[in-house]
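Observations on the model geometry
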Amino acid sequence: MSASSSGRGKGRDQDRAVDGLRRSSRPGPRVTVGEGAIKARPQAPRDAGPGEVRIVGGVWKRSKLPVPASPGLRPTPDRVRETLFNWLGQDLAGWRVLDAFAGSGALGFEAASRGAAQVTLIERDGALASALRANLKRLDKDGSVPMTIENADALTWMKRAAPGSIDLVFLDPPFAQDLFLPALKAAAPLLSPQGLIYLESPEVIEAPEALGLSVWKEGRAGAVHYRLLRRSG
């Protein structure tokens, strides 16, 4: 190869190298987070079986309550129940308790576990009510626990119950149904003179003055607000 042809070859090689460098330095298309990422292969869903809640105190401490899947069901978290029963005291001997929107039954079973004299669970959903009865049968092997489970509408049941017959009412209605004020109005007449209402909601709910309730304790856990109200006077 002649010197001239060799020089031309080197020149072409240098031109290609410079052109490649220019192309590599050009900005590429703008990519936002998530675009163009390699997607993980979808995992086959695991069969987790029914959900469950754990009793956090009393004679049934650490016992698990299986709970069937149900739209809108949202059991009260463990740490909220721990706080609530620290407020109430661990011994509920002699207390008459109503769990008006029982759902998983976590609140009502906690009260029974701590020795409440009478616990009534109201649940409108038939499948959930059946699960509550099955859990009671499994835990209360000799049938000595004073607990009643009714498949009924909570508001209707409370409107028919005897005034002054309950010491503690748990109100944790489905958040999407906006039953907080109707539930408070139905529950307030049921309270004994020093009775208490526990209310769980996605935002702070103020009880109307006419109900004669005042806030005793309150807290928040994530998106859940909870209050313990007591009868004034």
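Figured I'd write up the structure that's included with this text. All values reported here derive from a predicted model rather than from experimental measurement.

Once that is clear, we can look at the overall build of the protein chain. Assigned secondary structure in the protein chain consists of six helices and nine strands. When the 233 residues of the protein chain are sorted by exposure, 39% land in the buried category. Across the protein chain, the fraction of contacts at a sequence separation of at least 24, relative to all contacts at a separation of at least 6, is 64%.

Now for the side chain of Ser63. On the secondary structure map, Ser63 appears in the loop between strand S1 (51-54) and strand S2 (64-67). Overall, the relative accessible area of 18% leaves Ser63 in the buried class. What Ser63 contacts, discounting residues up to four positions off in sequence, is Val53, Arg54, Ile55 and Leu139.

To continue, consider the nonpolar core. Core analysis: the largest hydrophobic core is formed by 35 residues, its most contacted members being Leu84, Phe109 and Phe170. Aside from chain neighbours lying at most four places away, what touches Leu84 is Leu107, Phe170, Tyr198 and Leu228. With 26 residues, the next largest nonpolar core counts Leu98, Ala161, Val169 and Leu191 among its residues.

Positive phi outside glycine occurs at Arg62, with the angle close to 75°. Classification of Arg62 as exposed rests on a relative accessible area of 60%. At Asp178, a position not held by glycine, the phi torsion is positive, near 50°. Following the sequence through the fold, Asp178 ends up in the loop between strand S6 (166-171) and helix H6 (180-187). For Asp178, a relative accessible area of 57% corresponds to the exposed category.

Taken N-terminus to C-terminus, the directions of helix H2 (residues 78-88) and helix H3 (residues 106-113) make an angle of 40°; their axes are 11 Å apart at the nearest point. In terms of orientation, H2 and H3 fall into the oblique class. Of the two possible hands of crossing, H2 and H3 adopt the one that is right-handed. The residues of H3 that touch H2, namely those facing Arg81, Leu84 and Phe85, are Ala106, Leu107, Glu110 and Ala111. Residue composition of the contact of H2 with H3, by class: five nonpolar, no polar and two charged.

With respect to topology, seven strands assemble into an open sheet ordered S5-S4-S3-S6-S7-S9-S8, the strand pairing being mixed. This sheet does not close on itself; its edge strands, each paired only once, are strand S5 (147-150) and strand S8 (213-221). This sheet shows a mean twist of 15° between the axes of neighbouring strands, independent of strand direction. Here eight bridges tie S8 to strand S9 (residues 224-231), and the two strands are oriented antiparallel to one another. Across the sheet, residue Ser214 finds its bridge partner in S9, namely Arg230. Docked against the sheet, helix H4 (residues 126-139) engages strand S4 (118-122) and S5, running at close to 160° with respect to S5.

The next subject is the pairing of S6. Of all six residues in S6, six are buried, a share of seventy percent or more. With three bridges connecting them, strand S3 (residues 96-99) and S6 associate as parallel partners. Note that in S6 the partner of Val97 across the bridge is Leu168. Inspection of the sheet shows S6 paired to strand S7 (residues 191-201) by five bridges, in the parallel sense. Pairing of Leu171 across the sheet is with Leu199, part of S7.

Calculation rules
Residues numbered from 1 in each chain as written. Predicted model: local features only at pLDDT ≥ 70, side-chain atom pairs only at ≥ 80, totals over all residues. Heavy atoms only, no water. Helix = DSSP H or I, 4+ residues; strand = E, 2+ residues; numbered from the N terminus. Buried < 20%, exposed > 50% of the residue type's maximum accessible area, 1.4 Å probe, protein only. Contact = heavy atoms within 4.5 Å. Core = buried A, V, L, I, M, F, W, Y, C linked by side-chain atoms within 4.5 Å. Axes fitted to C-alpha atoms, helices over the stretch in contact; angles between N-to-C directions. Parallel < 35°, antiparallel > 145°, perpendicular 65-115°, else oblique. Left-handed = near helix turned anticlockwise from the far one by under 90°. Nonpolar A, V, L, I, M, F, W, Y, C, P; charged D, E, K, R; others polar. Pairing = 2+ DSSP bridges.

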